[in-house]
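Each chain, written out:
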Amino acid sequence: MGAQLRIGAFLLGCGHHSAAWRHRDSPVESLGDITYYESLAQIAERGKLDAVFFADGHSVREPESGASWFLEPITALTAMARATANVGLVTTISTTFYTPFHAARLLASLDHISGGRAGWNVVTSMFDQEARNHGLEAMPDHASRYERADEFVEVALALWDSWSEDALILDRAGRFADAGKISRIDHDGKHFRVDGPLTVPRSPQGRPVLFQAGASEQGRDLAAQRAEAIYSVAYDLPSAQSYYADVKSRIERAGRDSNSVAVMPGLVTYVGSTVAEARAKKAELDRLLPTEQSIRQLSLFTGQDCEDWDLDGPVPPLPPLEAFSGPQGRYATILRIVEKDAPTVRELLGTLAAGGGHATMIGTPESIADEMESWLDGRGADGFNLMPPTYPQGLEDFVDHVIPVLQARGLFRHEYEGATLRENLT
């Protein structure tokens, strides 16, 4: 059997389209109800997905776009662990705002409760609004955040290893554990002073699976040194191939086997029985976008006055990348979207509202499977982190219609291979 895809689902509010919460069928009233998230994890498990991913944020941004953040992720995933048996449970924990001991304790607890299904997406956070909720005037500079992150992960790994696998004796005559198999870590670094050991005995996986999502130079280096799976951003196959080749070479230079680290770009899908039906699903959501706000944002992204653009006409010619003085990454993505998809202005607004620079595949289960297979064969991805435009419908469409096509082609599992997240990812 050839290579198989690794697929996770990125859980976010009512869906990744910023107007999803405004749809008549949206679950917006259920965002504080844990049974909603449990049901999403159960759908993912029905499709044999590797994991669900619960991101986190530490400030309220753009309330008109719906609630991105509601329940605290570790708390929610702990409940979801009790409602599922196999699907991995991955969360973001910020190395800027937590301490290594706190993070290691939370994640080891989740790994115990879930029977070995915990994963940690290592992030440094980026917004000053978040920093001011944690006693900081502003975010530390980029280099400082990644320096702290590297030490943070080093300490967390040492804490997870502070209990040997066979440290627990549980002899009621008087020996709970073998003290010789529980070690202090005595870490005294630039950012952290931690004696250890961890208060939680070694968990089923030993240490949670480490994910990383940085696209910067420091982020790619951290991923190469530490990550077991990488969340990436790529709108089309050429950009995916460029990132894939770069990060795989960094993994090899770090002395690790690059085949053991899955690169999983974000993926937005609109699934229909025909391409027209799939496009109609996108159009229905796009019409719910607050037009004035979206046009103002597009003007900011492109450096153009977009107020008079015809929403249902083609995107007017845009200056080349070298002539743009604003943020290059986002503008380059907009140019790629226009070149690849020739969207109307309204369609462009909708694409940017659902996933931004992430890959967007619109079509039948077969055509979407074709594209996913081409990314796998073309060394642009080892799998994908699904970003359904709507929940639960977008995830159900993928699980019930695309997954069977991938299974029939031998590109995705029919059953889970192991009991832990790490066993299923490798």
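Further up the page is the structure itself.
Here the structure is a predicted model, which is why all the values come from computation and not from measurement.

**Student:** Outline the pattern of salt bridges, listing residues and values.
**Tutor:** Oppositely charged side chains are able to pair whenever their charged atoms sit close together. Enumeration over the complete set of coordinates arrives at 27 salt bridges. D400 is the salt-bridge partner of R46, the closest N and O atoms lying 2.8 Å from each other. Residue R46 is found in helix α1 (residues 34-46), and its partner D400 is found in helix α13 (residues 393-408); the two are separated by 354 residues along the sequence. For R46, a relative accessible area of 44% puts it in the partly exposed group. Note that E228 and R422 form a salt bridge whose closest N and O atoms lie 2.7 Å from each other. Placement of E228 in the loop between α6 (217-226) and β10 (229-232) and of R422 in helix α14 (residues 421-425) is noted, with a sequence separation of 194 residues between them.

**Student:** Residues and numbers for the packing of aromatic side chains, please.
**Tutor:** Across all of its chains, the model carries 10 aromatic pairs by this definition. Aromatic pair F53 and Y231: ring centres 4.9 Å apart, planes at 35°, arrangement tilted. Here F53 is found in strand β2 (residues 51-54), whereas its partner Y231 is found in strand β10, with 178 residues between them in sequence. Assessed through its relative accessible area of 5%, F53 is described here as buried. Relative to Y231, the ring of F211 lies with its centre 5.1 Å away and its plane at 25°, an arrangement referred to as stacked. Of this pair, F211 sits in strand β9 (residues 209-212) while Y231 sits in strand β10, and the two are 20 residues apart along the sequence.

**Student:** Give me α6: which residues, what numbers.
**Tutor:** Within the sequence span of α6, burial applies to G219, R220, L222, A223 and A224. Tucked inside the fold, the buried residues of α6 contact β4 (118-123), α5 (142-160), β9, β10 and α7 (237-253).

**Student:** Residues and numbers for the environment of T99, please.
**Tutor:** Among the structural elements, T99 can be located in the loop between β3 (88-94) and α3 (100-114). Given the relative accessible area of 41%, T99 is considered partly exposed. In sequence terms T99 and V122 are 23 residues apart; their C-alpha atoms lie 13 Å from each other.

**Student:** Can you lay out unusual backbone geometry for me, pointing to particular residues and giving the numbers?
**Tutor:** For the bond from G196 to P197, the omega torsion is -5°, close enough to zero to count as cis. Note that P197 resides in the loop between β8 (193-194) and β9. For D186, which is not glycine, the phi dihedral falls at a positive 45°. Relative to the assigned elements, D186 resides in the loop between β6 (175-177) and β7 (187-188).

**Student:** Talk me through the packing of helix α9 (residues 291-302) against helix α11 (residues 345-353); I want residue IDs and the actual numbers.
**Tutor:** Orientation of α9 relative to α11, taken along the N-to-C sense of each, is 85°, at an axis distance of 11 Å. Of the possible angle classes, the one that applies to α9 and α11 is roughly perpendicular. Here S294, I295, L298 and F301 of α9 come into contact with α11, specifically with V345, L348, L349 and L352. Of the residues that constitute the contact of α9 with α11, the class distribution is 7 nonpolar, 1 polar and no charged.

**Student:** Give me the environment of A262: which residues, what numbers.
**Tutor:** Within the secondary structure layout, A262 lies in strand β11 (residues 262-271). For A262, a relative accessible area of 9% corresponds to the buried category. Distance from A262 to P73, taken between C-alpha atoms, is 23 Å for residues 189 residues apart in sequence. Leave out the neighbours within four places in its chain, and A262 touches R6, E228, A229, I230 and D382.

**Student:** Before we move on, could you go through the side chain of Q407 and cite the residues and values that matter?
**Tutor:** On the secondary structure map, Q407 appears in helix α13. You can call Q407 buried: its relative accessible area is 16%. Within the structure, the side chain of Q407 is placed 2.9 Å from the backbone oxygen of R413, a separation counted as a polar contact. Not counting residues within four places of it along the chain, the set of residues in contact with Q407 comprises K48, F412, R413 and H414.

**Student:** Can you break down a nonpolar patch on the surface residue by residue, with the values?
**Tutor:** A contiguous nonpolar patch, built from L168, L170 and F176 and spanning about 300 Å² of accessible area, is present on the exposed surface. Among the structural elements, F176 can be located in strand β6.

**Student:** Describe in detail the nonpolar core, supporting the description with residues and values.
**Tutor:** Counting 77 residues, the largest nonpolar core has I7, M80, W120, W160, M372 and L406 as the members making the most contacts within it. Residues contacting I7, with those up to four places away along its chain left out, are L49, D50, A51, M264, M372, F384, L386, F398, I403, L406 and F412. Among the nonpolar cores identified, the runner-up in size contains 21 residues, and L12, A51, Y270 and L285 belong to it.

**Student:** Before we move on, could you go through empty space enclosed by the protein and cite the residues and values that matter?
**Tutor:** Following the criterion strictly, the structure yields 6 cavities of 30 Å³ or more and no others. Empty space within the second largest cavity amounts to approximately 40 Å³. What lines the second largest cavity is simply D286, L289, T291, S294, L311, R346 and L349. Split by residue class, the lining of the second largest cavity holds 3 nonpolar, 2 polar and 2 charged.

**Student:** Describe a negative patch on the surface, listing the residues and the values that go with them.
**Tutor:** Judged by side-chain charge, E292, D305, E307 and D308 come together as a negatively charged surface patch. Along the chain, E307 turns up in the loop between α9 and α10 (328-341).

**Student:** Break down α9 for me, with residues and values.
**Tutor:** One turn of the α-helix equals 3.6 residues, which is why residues spaced by three or four share an orientation. The end-to-end C-alpha distance of α9 is 16 Å, a good match for the 16 Å that 12 residues give at a rise of 1.5 Å each. Looking at α9, one finds that the buried residues are S294, I295, L298, S299, F301 and T302. For α9, the angular spread of the buried residues around the axis is 165°, confining them to a single face. Those residues of α9 that are exposed and angled more than 90 degrees off the buried face are E292 and L300. Within two residues after α9, G303 carries a phi angle of roughly 70°, on the positive side.

Calculation notes
- The residue numbering used here restarts from 1 in each chain and proceeds along that chain's sequence as written.
- Side-chain atom pairs in this predicted model are given and counted only at pLDDT of 80 or more, local residue features only at pLDDT of at least 70, and totals for whole chains, interfaces and linings cover all residues.
- The side-chain figures draw on all heavy atoms in the structure; neither hydrogens nor water molecules are used.
- A side-chain nitrogen of Lys or Arg and a carboxyl oxygen of Asp or Glu constitute a salt bridge if their distance falls within 4 Å.
- What counts as a helix is a DSSP run of H or I of at least four residues, what counts as a strand is a run of E of at least two, and both are numbered from the N terminus.
- Buried means the residue's accessible area, taken with a 1.4 Å probe over protein chains only, is under 20% of the maximum for its type, while exposed means over 50%, and partly exposed covers the values in between.
- Note on aromatic contacts: the rings of Phe and Tyr and the six-membered ring of Trp form a pair at centre separations within 6.5 Å, being stacked when their planes are under 30 degrees apart, edge-to-face when over 60 apart, and tilted otherwise.
- Here, two residues are considered to be in contact whenever any of their heavy atoms come within 4.5 Å of each other.
- Axis definition: a line fit to C-alpha positions, over the contact stretch in the case of helices; interaxial angles, taken between N-to-C directions, run 0 to 180 degrees.
- An angle below 35 degrees is read as roughly parallel, one above 145 as roughly antiparallel, one from 65 to 115 as roughly perpendicular, and any other as oblique.
- In this count, Pro and Cys sit with the nonpolar residues alongside Ala, Val, Leu, Ile, Met, Phe, Trp and Tyr, while Asp, Glu, Lys and Arg are called charged and the others, Gly among them, polar.
- Polar contacts, as used here, are pairs of N or O atoms within 3.5 Å; protein pairs need one atom able to donate a hydrogen and one able to accept it. Residues neighboring in sequence count only if both atoms are side-chain atoms.
- Patch construction takes residues with relative accessible area above 30% that form no salt bridge. Like charges are linked within 9 Å, and nonpolar side chains (Val, Leu, Ile, Met, Phe, Trp, Tyr) are linked within 5 Å.
- Where accessible areas are quoted, they stem from the Shrake-Rupley method and a 1.4 Å probe; at the residue level, only the protein chains shown are allowed to cover.
- As used here, the term nonpolar core means buried Ala, Val, Leu, Ile, Met, Phe, Trp, Tyr and Cys residues forming a set that is joined through side-chain atoms within 4.5 Å.
- Think of a 1 Å grid over the protein atoms and nothing else: a 1.4 Å probe that fits but is trapped marks a cavity, an open set flanked by protein within 12 Å on at least five of seven lines marks a pocket, and residues with an atom within 4 Å of a point count as lining.
- Grid points are joined across faces, edges and corners, and a volume is the space filled by probe spheres set on the points.
- The charge count includes Lys and Arg as positive and Asp and Glu as negative, but it does not include His or the ends of the chains.
- Taken as the charge centre is NZ of Lys, CZ of Arg, CG of Asp or CD of Glu, depending on the residue.
- Expected span of a helix: the number of residues minus one, times 1.5 Å.
- Read the arc as the range of directions from the helix axis to the C-beta atoms.

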